[in-house]
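Here is how the chains run, residue by residue.
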Amino acid sequence: MKEFSGKVLFLDRSDINTDEIIPARYLTEITKEALKPYLLEDLTLGGFSNEDIKDKAVILTRANFGCGSSREHAPWALEVNGINVVIAESYARIFRQNMYNCGMFAIELPTDKIQYLFENYAGKDTSITIDIDNNKIIVTSSDQSEEIGFSVGEFDKTLVKEGGWVGYADKNY
């Protein structure tokens, strides 16, 4: 099973599309590793630099993350960079399922919870740990810590625990 904890990359924007997650010009690469340096290369967001990605394991963002072209390369680019959790208000349907198929978390929280997390934790050295069995997000910064519940379907949780669709299929078929 992958790691589901680490430092948070705050991306305070809705509608971050798959071309911004991994630009289409790199889709001819034949390994996940080849995608690594290009994650979020074309993201337009004030104050964001690709250096911000370094040592991050969780993304916190707004609504409709992963919209645009449906491609498995977007979750792959996150995964190869050590990002196995994205927490957002909502996702494009295909992107969300691609995350789970790759054994990664695409956690949805209500707008007010996302806003709260941005207001109270952005700009701090913040870490998040996902307690898979108890459906809890544990948020920690230098001056506070708290747990936030989330819901996820049992099959999606099983995919995460099995490392994705391939791991699940190997075990069950």
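Structure: above.
Treat the numbers as computed from the prediction; the structure is a model and nothing was measured.

One pass over the structure, following the stated rule, counts 13 aromatic pairs. Taken together, a centroid distance of 5.6 Å and an interplanar angle of 65° make the contact between Phe 10 and Phe 118 edge-to-face. Note that Phe 10 is positioned in strand 1 (residues 5-11) and Phe 118 in helix 5 (residues 111-121), a separation of 108 residues in sequence. For Phe 10, a relative accessible area of 18% puts it in the buried group. Taking relative accessible area as the criterion, Phe 118 reaches 8% and is therefore assigned buried. When the centroid spacing of 6.2 Å and the interplanar angle of 75° are considered together, the rings of Tyr 168 and Tyr 173 count as edge-to-face.

Another aspect to go through is the pattern of salt bridges. All chains considered together, the criterion is met by 14 salt bridges. Where Glu 79 meets Lys 2, a salt bridge forms, and the shortest distance between an N and an O atom there is 3.1 Å. Within this pair, whereas Glu 79 is found in helix 3 (residues 73-80), its partner Lys 2 is found in the segment before strand 1, the two being separated by 77 residues in sequence. A salt bridge links Asp 42 to Arg 25; the nearest nitrogen and oxygen atoms lie 2.9 Å apart.

Strand order in the open sheet made by the seven strands is 4-3-2-1-5-6-7, with mixed pairing throughout. Looking along the sheet, the strands with just one partner apiece sit at the ends: strand 4 (105-108) and strand 7 (145-149). The sheet shows a mean angle of 30° between the axes of neighbouring strands, taken without regard to direction. With five bridges joining them, strand 6 (residues 136-140) and strand 7 adopt antiparallel strand pairing. Across the sheet, residue Thr 140 finds its bridge partner in strand 7, namely Ser 145.

Assignment of secondary structure puts Asn 120 in helix 5. Relative accessible area serves as the criterion here: at 24%, Asn 120 is assigned to the partly exposed category. Remark: the alpha-carbon pair of Asn 120 and Ser 141, spanning 21 residues in sequence, is separated by 9.4 Å.

All right, on to the environment of Ala 24 then. Structurally, Ala 24 can be placed in the loop between helix 1 (18-21) and helix 2 (32-35). Sequence-wise, Ala 24 and Lys 171 are 147 residues apart; in three dimensions their C-alpha atoms are separated by 33 Å. Excluding its chain neighbours within four sequence positions, the residues that come into contact with Ala 24 are Asp 19 and Arg 71.

The subject of this paragraph is the side chain of Arg 62. Here Arg 62 shows up in the loop between strand 2 (56-61) and helix 3. For Arg 62, a relative accessible area of 10% puts it in the buried group. Polar contacts involving the side chain of Arg 62 include one to the side chain of Gln 115, which spans 2.8 Å. If near-sequence neighbours (up to four positions away) are discounted, Arg 62 is found in contact with Leu 11, Asp 12, Arg 13, Ser 14, Ala 88, Glu 89, Ser 90, Ile 114, Gln 115 and Phe 118.

Attention now moves to the nonpolar core. Ranked by internal contacts, the top residues of the largest apolar core, which has 56 residues, are Leu 78, Ile 87, Phe 105, Ile 130 and Ile 137. Not counting residues within four places of it along the chain, the set of residues in contact with Leu 78 comprises Ile 21, Leu 39, Ile 59, Phe 65, Ile 83, Val 86, Phe 95, Met 99 and Met 104.

Cut-off values and rules
- Residues numbered from 1 in each chain as written.
- Predicted model: local features only at pLDDT ≥ 70, side-chain atom pairs only at ≥ 80, totals over all residues.
- Heavy atoms only, no water.
- Phe/Tyr/Trp six-rings, centres within 6.5 Å; stacked < 30°, edge-to-face > 60°.
- Helix = DSSP H or I, 4+ residues; strand = E, 2+ residues; numbered from the N terminus.
- Buried < 20%, exposed > 50% of the residue type's maximum accessible area, 1.4 Å probe, protein only.
- Salt bridge = Lys/Arg side-chain N within 4 Å of Asp/Glu carboxyl O.
- Pairing = 2+ DSSP bridges.
- Axes fitted to C-alpha atoms, helices over the stretch in contact; angles between N-to-C directions.
- Contact = heavy atoms within 4.5 Å.
- Polar contact = N/O pair within 3.5 Å; in protein donor to acceptor, adjacent residues only side chain to side chain.
- Core = buried A, V, L, I, M, F, W, Y, C linked by side-chain atoms within 4.5 Å.

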